[in-house]
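Structural characterization, general
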Amino acid sequence: MMPGAETIRDVIADLRIAASFVTLLPVGSSKPAADGAIARATWALPVAGLLVGLAGALVYKIFSRLGLTPNLAALLALVTTALITGALHEDGLADTADGLGGGRTRERKLEIMRDSRIGTYGVCALILSFGLRWSALATIANPWLVTLALCAAHCAARAGVPAFMSLVPPARPDGLSASAGSPPGRSVAIAFAVGTLALTLALGPGKALVGLILLSLAGWILARLAIRQIGGQTGDILGAFEQTGEIVILLVAAAFQMGH
């Protein structure tokens, strides 16, 4: 096989792994991923996020054209993105809030995070997440600007995941995050570049810089909390990081009104 053809095959395989890792889209291979494949494919997470953002934006545009208010269209767009991802990240956020806000010991916190039941902290976290994102989209209102904001938010929120996985050790030897492995530097760099490009194109250089700074700060705070309370990151922590990223970028977009 020619080197170019092999490279294309690897890129397609990584895209399929990334999409199947963070969405319910039927694009995954029937064969189990080879060792290190998920970690290597993390560079494509922001690309998968772009697809999710586009789906939400399409729903927003359709219902806006049908005469729904920005509030209702924004709510339906959020429902769409949650359905496409199987609410994977929302589940991680809720479990993280319950775990870090609940148990007294590291072991108890990890036990709570593995419990499928949701507690008070988790409910409050979900209300805040949906409420802030919904309000931000409704504030932006214009369908084209909502498209830019959603694509930037979903892309950039996932672009930081490889770096987070690389810098923060797994909290337990098993589980989703530990089995995925630590992403190689190349995957971290590509994901960061894709996320930065998406932010810059959608928000403009100045606002993109603000978004990057706030996203980095939020990630640092979450990493500190996770290391201090449970010894590192888990799949739930990664979900909480993604949700935090979406909130930050959408709030930046709404605050600056996308340059208007």
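Here, every reference points to the structure presented above.
Residues numbered from 1 in each chain as written. Predicted model: local features only at pLDDT ≥ 70, side-chain atom pairs only at ≥ 80, totals over all residues. Heavy atoms only, no water.

Turning our attention to the overall build of the protein chain. The helix and strand inventory of the protein chain stands at 13 helices and zero strands. When the elements of the protein chain are put in sequence order from the N terminus, they spell out α-α-α-α-α-α-α-α-α-α-α-α-α. Rg of the C-alpha trace for the protein chain: 18 Å, near the compact-globule value of 18 Å for 260 residues, within the 12% margin. Principal axes of the C-alpha set define a box for the protein chain whose edges measure 55 × 50 × 35 Å. Taking the contacts inside the protein chain whose residues are at least 6 apart along the sequence as the reference set, 78% of them involve residues at least 24 apart. Of the roughly 12600 Å² that the protein chain leaves accessible, carbon and sulfur atoms contribute 69%. (Helix = DSSP H or I, 4+ residues; strand = E, 2+ residues; numbered from the N terminus. Rg over C-alpha atoms; globule rule 2.2 N^0.38 Å. Contact = heavy atoms within 4.5 Å. Areas by Shrake-Rupley, 256 points an atom, 1.4 Å probe, with all protein chains shown as cover.)

Right, let's get into the side chain of E242. Within the fold, E242 resides in helix α13 (residues 235-256). What E242 contacts, discounting residues up to four positions off in sequence, is H89, H154, A157 and R158.

Look at helix α8 (residues 143-159): 24 Å from first C-alpha to last across 17 residues, which is about the 24 Å you get at 1.5 Å a residue. In terms of residue burial, α8 counts as a mostly covered element, since 14 of its 17 residues are buried. Between the side-chain oxygen of the N-cap and the backbone nitrogen of W144 there are 2.9 Å, and the N-cap of α8 in question is N142. (Expected span 1.5 Å × (residues − 1). Buried < 20%, exposed > 50% of the residue type's maximum accessible area, 1.4 Å probe, protein only. Polar contact = N/O pair within 3.5 Å; in protein donor to acceptor, adjacent residues only side chain to side chain.)

Before going further, it helps to spend a moment on the pattern of salt bridges. Taken as a whole, this structure holds six salt bridges when the rule is applied. In this structure, E111 and R108 form a salt bridge, with 3.2 Å as the shortest nitrogen-oxygen distance. Pair noted here: E111 and R108 are both in helix α6 (residues 106-114), with a separation of three residues, about one helical turn. A residue is classified by how much of its surface remains accessible, and E111, at 49% relative accessible area, is partly exposed. (Salt bridge = Lys/Arg side-chain N within 4 Å of Asp/Glu carboxyl O.)

Counting 29 residues, the largest nonpolar core has L137, I140, L199, L203 and I249 as the members making the most contacts within it. Of all the secondary structure elements, the ones that give two or more residues to this core are α3 (45-65), α4 (70-85), α7 (120-140), α8, α11 (185-203), α12 (205-230) and α13. With residues up to four places along the chain from it excluded, the contact list for L199 reads A152, A156, G204, A208, L212 and I249. Residues L110, V161, M165 and A226 belong to the second largest nonpolar core, which totals 26 residues. (Core = buried A, V, L, I, M, F, W, Y, C linked by side-chain atoms within 4.5 Å.)

A few words now on the packing of aromatic side chains. Within a pair of aromatic rings, the relevant descriptors are the distance that separates the centres and the angle that separates the planes. If you walk through the whole model with that rule in mind, you get one aromatic pair. Consider the rings of F164 and F241, whose centres lie 5.0 Å apart with planes at 35°: the pair is tilted. Placement of F164 in helix α9 (residues 161-167) and of F241 in helix α13 is noted, with a sequence separation of 77 residues between them. In terms of burial, F164 and F241 fall into one category: buried. Between the NZ or CZ atom of R133 and the centre of the ring of F130, over which it lies, the distance is 4.8 Å. (Phe/Tyr/Trp six-rings, centres within 6.5 Å; stacked < 30°, edge-to-face > 60°. Lys NZ or Arg CZ within 6 Å of the ring centre and 35° of its normal.)

All right, on to the environment of R16 then. Of note, R16 is situated in helix α1 (residues 3-22). On the basis of relative accessible area, R16 is assigned to the partly exposed category, the value being 39%. Linking R16 and P26, residues ten residues apart in sequence, is a C-alpha distance of 9.0 Å.

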